[in-house]
Amino acid sequence: MSRGKVVGFVHSGITVKSLESALDFYVDILGFELLSTQVANSDYIFDIVEIPGLKEIKIAFVQIPGGHVIELLEYVGIDTYSGSARSCDYGTGHICLRVENLEEMFEELKDKGVKFKSKQVVNITAGANKGAKAAYMLDPDGYIIELMEKGK
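Below or above, wherever it landed, is the structure these notes cover.

About the cut-offs
- Residues numbered from 1 in each chain as written.
- Predicted model: local features only at pLDDT ≥ 70, side-chain atom pairs only at ≥ 80, totals over all residues.
- Heavy atoms only, no water.
- Helix = DSSP H or I, 4+ residues; strand = E, 2+ residues; numbered from the N terminus.
- Buried < 20%, exposed > 50% of the residue type's maximum accessible area, 1.4 Å probe, protein only.
- Contact = heavy atoms within 4.5 Å.
- Pairing = 2+ DSSP bridges.

### Overview of the environment of V62
Point 1. Inspection of the secondary structure puts V62 in strand β3 (residues 56-63).
Point 2. Residue V62 is classed as buried on the basis of its relative accessible area of 0%.
Point 3. Spatially, the C-alpha atom of V62 lies 32 Å from that of R3, the residues being 59 residues apart in sequence.
Point 4. Once residues within four sequence positions are removed from consideration, V62 is found in contact with L23, V27, F32, E33, L34, L35, H68, V69, I70 and L72.

### Quick notes on the pairing of β3
Point 1. β3 sits mainly inside the fold: six of its eight residues count as buried.
Point 2. With seven bridges joining them, strand β2 (residues 33-40) and β3 adopt antiparallel strand pairing. Residue S36 lies in a different strand from β3, and its bridge partner there is F61.
Point 3. With eight bridges connecting them, β3 and strand β4 (residues 69-76) associate as antiparallel partners. Pairing of F61 across the sheet is with E71, part of β4.
Point 4. In this structure, the hairpin formed by β3 and β4 is closed by a connection of five residues, where G66 is found at a positive phi of approximately 110°.

Here you go:
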């Protein structure tokens, strides 16, 4: 690009079925900090997303310890469908969270009803993260979250 360029990072966004359920998960279970909530129903938002019939978007910004901000969005007034897919399907994504005591966290989250794609915590035996441990879990809407404990 000759004139424009990327100069930084603002946030990641995850579309959710219920903002209330998402906040229960991300804030109450995972311990993210709730930064703000708002209802977006101004003309500019409709011009950005271009979804006919959209009434409003309920939005919350949450912050992962360490600084990364995630925008949670609930689209209101239209039919919505799950975007949940296999991790290998293009158009999907995931976030990876650095954690401590992954094995204990894995069991505690399972006890709280959190669903995991991984059957157990996996030891990473090759590549850039050799020596680390990881597991894939799902948020309430099926979005993939990787938990990773740094290797010794």
